[in-house]
Each structure stands twice: as structure tokens, then as C-alpha cells.
Amino acid sequence: MKTSFATALLAFFMWLFTSCTAAINLNETSDFQTCLRTPSSCTRLILDSNQMTGSLPSELGALSSLSYLHIGNNQFTGTVPTELGTLTSLTSLQCGGNQLTGTLPTELIALTRLTWMGFYNNQLTGTVMTELGIMTSLRRINLHHNQLTGSLPSELRALTSVNLVVWGHSC
């Protein structure tokens, strides 16, 4: 059974209100209020450094107009939802500084507009997927301080447009 957009958004915002253990970052209050009033036109969801806990909900994938999703420096656990791969308007995805586990979902390669990807300071495992090499819009990838193994894929090293790949203690 397919979940309606409205149902998915309601579930997401219910999760948001029950997971937030601190005030929403006041620097981004206007963006957050826009998302609450008209979720279908929400283009930026920036919830960095709010001491939020729990798993990331799959309903994030219903926010189809998002260009910025910044949820870093919280205490999120669990795996990265595959539904993030449906957010094809994203240009910036920042999920660093949490406790995310597992591997990055291959569905993320559908984010062809993505210029910034940050999953640093988590507990991600496995190898860096070679498919990141086809994401030619990427300008910055930050994956340091995870539990990644292996070496940087040649496909990723071949991206001449990537200005910075922070590898740090990943491998």
C-alpha cells in the first residue's frame, strides 16, 4: 500500500516533534515554519545541532522539493533511509556528526544535483561505493571518521570537479 504525501508528511512531523529534545535552531526558524505551513514547498530543512535522537524516518523522502537537508550534529541512529534517494532536488545533504550505521544506500546516486554530501563522524561501515563516481555534480564529499574499509575508488578519484574529498580516518 502506497502512503499518501500528506500521510507521509504528517508522520514525519509527528516524528520530528517527538524526537526533538531541544528547541529548533532559531537561526533557521523561518525555514522550519515554512515547512510546517506548506510542506510541499519546503526547500530547506536545517535541523543541525538540536540534540535530536532516534532513527531517520523514511518519510523524509516525501519532502520532494528539498534542496538542502541538514540534520548534522544530532544523535540520530540506525541506517540511512533509502528514500533519501528520491529527493532529486537536493543540492546539499549533510548528515555528519550523528551515530548512523550500515552502508550508504546506492539509491543516493539518483541525487544528480547534489554538490555537497557529508556523512562524517558517524559509524558507517563497508566500502565507499564506486557509483559515487557517476555523480558529476558533486563538489565536496566528507566521509571522515567512520568505519569504512578499503581504498578510495578510482571512479571517485577520476571526478575532476570534486574540490575536496575528506577521507581522514575512514580507511
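Note that the structure is a prediction, hence the values are computed from the model and not measured. (Residues numbered from 1 in each chain as written. Predicted model: local features only at pLDDT ≥ 70, side-chain atom pairs only at ≥ 80, totals over all residues. Heavy atoms only, no water.)

(A) The environment of Thr149, seen in detail. If you trace the backbone, Thr149 turns up in the loop between strand S10 (147-148) and helix H3 (154-157). A relative accessible area of 44% places Thr149 in the partly exposed class. Along the chain, Thr149 and Gly126 lie 23 residues apart, while their C-alpha atoms are 5.8 Å from each other. (Helix = DSSP H or I, 4+ residues; strand = E, 2+ residues; numbered from the N terminus. Buried < 20%, exposed > 50% of the residue type's maximum accessible area, 1.4 Å probe, protein only.)

(B) Expanded view of the pairing of strand S8 (residues 123-126). In terms of strand pairing, strand S6 (residues 99-102) meets S8 through two bridges, oriented parallel. Bridge assignment links Thr101 to a residue of S8, and that residue is Gln123. With two bridges joining them, S8 and S10 adopt parallel strand pairing. Residue pairing across strands places Thr125 opposite Gln147, the latter belonging to S10. (Pairing = 2+ DSSP bridges.)

(C) How the structure looks around the sheet that holds S10. The five strands lie next to each other as S2-S4-S6-S8-S10, forming an open sheet whose pairing is parallel. The open sheet has two free edges, formed respectively by strand S2 (53-55) and S10, since each of these has just one partner strand. Strand direction decides the pairing type here: strand S4 (residues 75-79) and S6, joined by three bridges, are parallel. In the sheet register, Gly78 faces S6, and the bridge partner there is Leu100.

(D) The arrangement of unusual backbone geometry in detail. Residue Asn121 is not a glycine yet carries a positive backbone phi of 50°. In this fold, Asn121 is placed in the loop between strand S7 (116-118) and S8. Looking at Asn121, the relative accessible area reads 33%, which means it is partly exposed. For His145, which is not glycine, the phi dihedral falls at a positive 55°. Within the secondary structure, His145 sits in the loop between strand S9 (140-142) and S10.

(E) Inspection of the nonpolar core at higher detail. By size, the foremost hydrophobic cluster in this structure holds 37 residues, and its most contacted members are Leu69, Leu93, Leu104 and Phe119. Excluding residues that lie within four positions of it along the chain, Leu69 makes contacts with Leu45, Leu60, Leu84, Leu87, Leu90, Ser92, Leu93 and Gln94. (Core = buried A, V, L, I, M, F, W, Y, C linked by side-chain atoms within 4.5 Å. Contact = heavy atoms within 4.5 Å.)

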